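Survey of secondary and tertiary structure
Here are the chains, one letter per residue:
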Amino acid sequence: MALPELKQSTTEARLASLSMPAGGCLEAARRAAISRVQATGLPDRRDEYWKYTRPDTLTVAEAPKAAVFDSGEEPMFDAFDRIKIVFVDGVFDAAASDDLALEGVSIERLADLAGKDIHWSKDIYGVLEARGQSPVERPLAALNTGYATDGVVIHVTGRPSKPINLVYRHQSDSSDAMLHHVVKVDSGAEATILENGPAASRFSHVMEIDIADTGTLHLVRAQGRDHELRNATHLFARLGRESVFKSFTLTVNGVLTRNEAVIEFLGDDAVAHVAGACVGDGDFHHDDTVFVTHDAVNCESRQVFKKVLRNGATGVFQGKILVKEGAQKTDGYQISQSLLLDDDSQFLAKPELEIYADDVACSHGSTSGAIDEDGLFYLRSRGVPEAEATDLMTLAFLAEAVEEIDSDDIAASINDRLYGWLARRR
Amino acid sequence: MLEIKNLHVKLEEEDKQILKGVNLTVEAGKVHAIMGPNGSGKSTLSYVLAGKDGYEVTEGSATLAGEELLELEPEERAALGVFLAFQYPVEIPGVGNMTFLRTAVNAQRKARGEEELSASDFLKVVREKAKTLKIDADMLKRPVNVGFSGGEKKRNEILQMAMLEPKMCILDETDSGLDVDAMKLVADGVNALRDEGRGFLVITHYQRLLDHIKPDVVHIMADGRIIKTGGPELALEVENNGYADILAEVA
Ligand SMILES: Nc1ncnc2c1ncn2[C@@H]1O[C@H](COP(=O)(O)OP(=O)(O)OP(=O)(O)O)[C@@H](O)[C@H]1O
Ligand SMILES: [Mg+2]
């Protein structure tokens, strides 16, 4: 079927601006992904899935510029004992990175796979992404599979003693980066991955996560403080029996962020939590789009998203829980809430449940509101100044999302950043 | 200590006059009680003194130790020493009780130009005061008032009062919803704070609290005014005969 003319020309222009890294075991997956993009075209504003978020700056051939912002802050997870892997404007920086050897895990660069004809990641790369293309198309993810220049390929075989930290640095105001990570967690294995920093002026990110029976993965992301960033990220997670996946994403600032998460339960008794907290001010558009598919018995999914919006910022949430026939005893929870600090900001939410099993417990709720005046007065009547009381109430609002992080230390560092963001706006 | 003169207050949103000329002076070191029928304006008076939005002062003044209160923000009044124990303490999900207390204590110290309490000093003081009020460690950790029983909320108000050591304590029906033992705890908490430099305004419907907290002066409020003032015997009269006689007397 022919694509609409504008979609066709945008897609062609974007494809023509990129070149596919050739060779190695992933080439077939890349070619297949590019065909998917050609077939569907890149998203445009007429697509239902992009009703609340304009994709044009994500699909245009040349990335809009984004000024590099020096926050003067120490990078988020510097205080933690971790393995650091640094990408500058999407390019691996060996000198700034740690040695990748760590017991319980093997870490390789995606770019190095071009020289390998056989590699385990072939069974995951582009495979989970392709599964995630139905029932809803995600052409930006397919584009990433086709053209991603680098990334990390992580195989968790045991319980590495420290987290793996992907550190992103933004150095050029016209950088346009595409990274694709693959994570495979073996049965009984457990790891924590941290991602932080502004990756590039425009950043396309895909992480495919395959968790075997009884495996566990924690993922905590912080997307950097630069104001003009454009981020399109995708998590594709496939969960085996009794496995656990917990992810949390912090977003402060950035003109446009679209964070998609596609979770699929294939084994019984598994748990997946996807959470996010964002705070945005003015020219800030933040979109969480989540799709959870229950295709196994007695699995638990939680989606917890909180957004604080000021000065005309926009928050979007599209979250779906699909419970397939036979996925009995599903426990699905979804909450998306925004705190609007003024009348100019807005929150657009589309929560959806689609259930084909009869013995399930699913709940969803979406709210949008201002700070509770009674609570504010109560705090002030005890001597807490208005600005501080407002911040306290705001952090309290975000707490339910931050609490999804299992590690108290990591949660505390996220809270510090949130507090800092609020304090700078007093 | 607290001097209220000819205070007139109406609702901001509607044209409804609630306080119609309240005159009241609470001296330092004294306990004054206010009784009065439902809807007479007792809580409104306490809110206006604490600085809640939604009310408009159309006439009159209220000063604390000579400082005009009504122009100030609620936090400024608190720093001067005003404390209101709420009739309905507010639940604040997500803010830990301990964090709340420490933030409040330190904010007031800062406003008064005093040094902040260190985390360990603070903890020591809180634990000690919480213990006398039978507030356990778990309640201190939980979000402010969330899931607290009615009595626990009231005890938590008294704990805040004990931590903040205000000059002027206004207690709005702190006895309602308390069992006999809890009432005793609360009264002991108040009595422990009785001091030459501190005034109390205790709003209540029942004599029972006043058995424990012996007031120096009792006022009767009706329809937005103090209509009668007397000694502790006035509270007994209300307990025995209700308000009918007093209301008839002034009518
Ligand atoms: N925000 C408000 N909106 C509407 N009416 C109000 C408001 N605040 C107070 N009122 C009215 O003002 C009057 C006085 O109320 P207030 O709560 O001060 O009485 P009270 O003496 O404390 O009564 P109670 O003994 O029942 O606690 C009542 O008629 C009440 O309905
Ligand atoms: Mg009242």
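In this text, all values refer to a predicted model and were calculated from it rather than measured experimentally.

Look at the link from Ser134 of chain A to Pro135 of chain A: it is a cis peptide, with omega at 5°. Summarising the element assignment, Pro135 of chain A is placed in the loop between helix H4 (127-131) and helix H5 (139-147). Positive phi outside glycine occurs at Glu242 of chain A, with the angle close to 55°. For Glu242 of chain A, the location among the structural elements is in the loop between strand E10 (230-239) and strand E11 (244-252). Here Glu242 of chain A falls in the partly exposed class, since its relative accessible area comes to 39%. In this model, Ala65 of chain B sits at a positive phi of 45°, which is unusual for a non-glycine residue. Within the secondary structure, Ala65 of chain B sits in the loop between strand E4 (55-64) and strand E5 (67-68).

Residues and elements named next belong to chain B. For Leu24, the position within the fold is in strand E2 (residues 17-26). Since its relative accessible area comes to 3%, Leu24 is described here as buried. With 199 residues separating them in the primary sequence, Leu24 and Asp223 have C-alpha atoms 15 Å apart. Excluding residues that lie within four positions of it along the chain, Leu24 makes contacts with Leu2, Glu3, Ile4, His32, Ile34, Leu45, Leu201 and His219.

Turning our attention to the interface of chain B and chain A. Tallying the contact residues gives 29 residues for chain B and 17 residues for chain A. Carbon and sulfur atoms supply 68% of the area buried between chain B and chain A, which totals about 1,900 Å² over both sides. There are four salt bridges connecting chain B and chain A. The salt bridge involving Arg382 of chain A is made with Glu157 of chain B; its shortest N-O contact spans 2.7 Å. Our count for the chain B to chain A interface comes out at ten residue pairs in polar contact (both at pLDDT 80 or more). Broken down by secondary-structure element, the contributors of at least two residues to the side of chain B that touches chain A are helix H1 (42-50), helix H2 (74-80), strand E6 (82-85), strand E7 (92-96), helix H3 (97-111) and helix H6 (150-164) of chain B. Taken together, the residues of the side of chain B that touches chain A break down into 19 nonpolar, six polar and four charged.

At this site the magnesium ion (ligand 2) is bound by Ser43 of chain B (OG) and Gln87 of chain B (OE1), with donor distances of 2.0 to 2.3 Å. One end of the pair, Ser43 of chain B, is in helix H1; the other, Gln87 of chain B, is in the loop between E6 and E7, with 44 residues separating them in the sequence.

So, about the packing of helix H2 (residues 27-40) of chain A against H5 of chain A. Residue and element names in this part refer to chain A. Axis separation between H2 and H5 bottoms out at 7 Å; the angle between their running directions is 145°. As H2 runs across H5, the sense of the crossing is left-handed. Together, Ala29, Arg30, Ala33, Ile34, Arg36, Val37 and Thr40 of H2 and Pro139, Ala142, Leu143, Thr145, Gly146 and Tyr147 of H5 make up the contact between the two elements. Here the residues of the contact of H2 with H5 are counted per class, giving eight nonpolar, three polar and two charged.

Next up on the list: the pattern of salt bridges. Residues and elements named next belong to chain A. This structure, assessed with the given rule, holds 48 salt bridges over all chains. For Asp287, the salt bridge identified is with Arg258, shortest N-O distance 2.7 Å. Of this pair, Asp287 sits in strand E14 (residues 285-294) while Arg258 is found in strand E12 (residues 256-265), placing the two residues 29 residues apart along the sequence. Each member of the pair, Asp287 as well as Arg258, is classed as buried. Between Arg380 and Glu386 there is a salt bridge, with the nearest N and O atoms lying 3.9 Å from each other. With relative accessibility at 38%, the residue Glu386 sits in the partly exposed group. Because the salt bridges share partners, they merge into one network encompassing Glu73, Arg225, Arg417 and Arg424.

With that settled, the discussion passes to the state of the cysteines. For the structure shown, the criterion picks out zero disulfides over all chains. Residue Cys299 of chain A stays outside any disulfide, its sulfur separated by 12 Å from that of Cys362 of chain A, the closest cysteine.

To continue, consider the sheet that holds strand E2 (residues 91-92) of chain A. All names here are of chain A. Spatial strand order, E2-E1-E5-E7-E9-E11-E13-E15-E17-E19: ten strands in an open sheet with mixed pairing. Each edge of the sheet is formed by a strand with only one pairing partner; in this case those strands are E2 and strand E19 (361-369). Pairing between strand E17 (residues 331-340) and E19: nine bridges, direction parallel. The residue of E19 that forms the bridge with Gln337 is Thr367. Against the sheet, helix H7 (residues 386-402) touches E11, strand E13 (271-281), strand E15 (300-310) and E17, its axis set at about 155° to E15. Against the sheet, helix H8 (residues 408-424) makes contact with strand E7 (190-196), strand E9 (216-222), E11, E13 and E15, and its axis sits at roughly 20° relative to E11, the strand it touches most.

Next up on the list: the side chain of Asn165 of chain A. All names here are of chain A. Its location among the elements puts Asn165 in strand E5 (residues 164-169). Reaching out from Asn165, the side chain makes a polar contact with the backbone oxygen of Leu194 at a distance of 3.2 Å. A polar contact is formed between the side chain of Asn165 and the side chain of Asn196, at a distance of 2.9 Å.

One broad rule of soluble globular proteins: the nonpolar side chains tend to lie buried together. The biggest cluster of nonpolar side chains holds 105 residues, and the ones touching the most others in it are Phe248 and Ile414 of chain A together with Leu45 of chain B. The dominant element in this core, judged by the number of residues it contributes, is H7 of chain A, at nine residues. Among all residues touching Phe248 of chain A, those that are not within four sequence positions of it are Leu219, Val220, Arg221, Ala275, Gly276, Ala277, Ala401, Val402, Ile405 and Ile414 of chain A. Among the nonpolar cores identified, the runner-up in size contains 51 residues, and Leu166, Ile193, Phe203 and Leu219 of chain A belong to it.

Residues and elements named next belong to chain B. Over its 14 residues, helix H7 (residues 180-193) runs 20 Å from end to end, which matches the ideal 20 Å to within 8%, given 1.5 Å per residue. For H7, every residue scored as buried is listed here: Ala182, Met183, Leu185, Val186, Ala187, Gly189, Val190 and Leu193. Against helix H4 (119-132), H6, strand E9 (168-172), strand E10 (199-203) and helix H8 (207-212) lie the buried residues of H7. The N-cap residue of H7 is Asp179: its side-chain oxygen and the backbone nitrogen of Asp181 are 3.1 Å apart.

Residues and elements named next belong to chain B. The full set close to ligand 1 counts 15 residues, and Gly39, Lys42, Ser43, Thr44 and His205 are the nearest of them. Between ligand 1 and Ser43, the relevant distance is 2.8 Å, taken from an oxygen atom to a main-chain nitrogen or oxygen of the residue. Look at ligand 1: alone it shows 630 Å² of surface, and the protein chains cover 65% of it. In terms of residue count, the dominant contributor to the shell around ligand 1 is H1 (three residues). Along the lines of polarity and charge, the residues of the shell around ligand 1 split into three nonpolar, eight polar and four charged.

Residue and element names in this part refer to chain B. Of all nine residues that make up H1, nine are buried, and the element is covered over most of its length. Every buried residue of H1 is accounted for by Lys42, Ser43, Thr44, Leu45, Ser46, Tyr47, Val48, Leu49 and Ala50. Immediately beyond the C-terminal end of H1, within one or two residues, lies Gly51, with a positive phi of roughly 100°.

Residues and elements named next belong to chain A. Spatially, nine strands are ordered E3-E4-E6-E8-E10-E12-E14-E16-E18 in an open sheet, and the strand pairing comes out mixed. Edge positions in the sheet fall to strand E3 (105-109) and strand E18 (346-355), since each has one partner strand and no second. Here the average twist between neighbouring strands, direction ignored, is 5°. Of the strand pairs in this sheet, strand E4 (residues 152-156) and strand E6 (residues 176-185) are connected by four bridges, and their pairing is parallel. Residue Ile154 lies in a different strand from E6, and its bridge partner there is Val183. Relative to the sheet, H5 contacts E6, strand E8 (202-211) and E10, its axis offset from that of E6 by approximately 90°.

Thresholds, definitions, all that
- Residues numbered from 1 in each chain as written.
- Chains lettered and ligands numbered in written order.
- Predicted model: local features only at pLDDT ≥ 70, side-chain atom pairs only at ≥ 80, totals over all residues.
- Heavy atoms only, no water.
- Helix = DSSP H or I, 4+ residues; strand = E, 2+ residues; numbered from the N terminus.
- Buried < 20%, exposed > 50% of the residue type's maximum accessible area, 1.4 Å probe, protein only.
- Contact = heavy atoms within 4.5 Å.
- Buried area = accessible area lost by both parts, 1.4 Å probe.
- Salt bridge = Lys/Arg side-chain N within 4 Å of Asp/Glu carboxyl O.
- Polar contact = N/O pair within 3.5 Å; in protein donor to acceptor, adjacent residues only side chain to side chain.
- Nonpolar A, V, L, I, M, F, W, Y, C, P; charged D, E, K, R; others polar.
- Donors = N, O, S within 2.8 Å, 3.2 Å for Na, K, Ca; no water.
- Axes fitted to C-alpha atoms, helices over the stretch in contact; angles between N-to-C directions.
- Left-handed = near helix turned anticlockwise from the far one by under 90°.
- Disulfide = S-S within 2.5 Å.
- Pairing = 2+ DSSP bridges.
- Core = buried A, V, L, I, M, F, W, Y, C linked by side-chain atoms within 4.5 Å.
- Expected span 1.5 Å × (residues − 1).
- Near = heavy atom within 4 Å.
- Areas by Shrake-Rupley, 256 points an atom, 1.4 Å probe, with all protein chains shown as cover.

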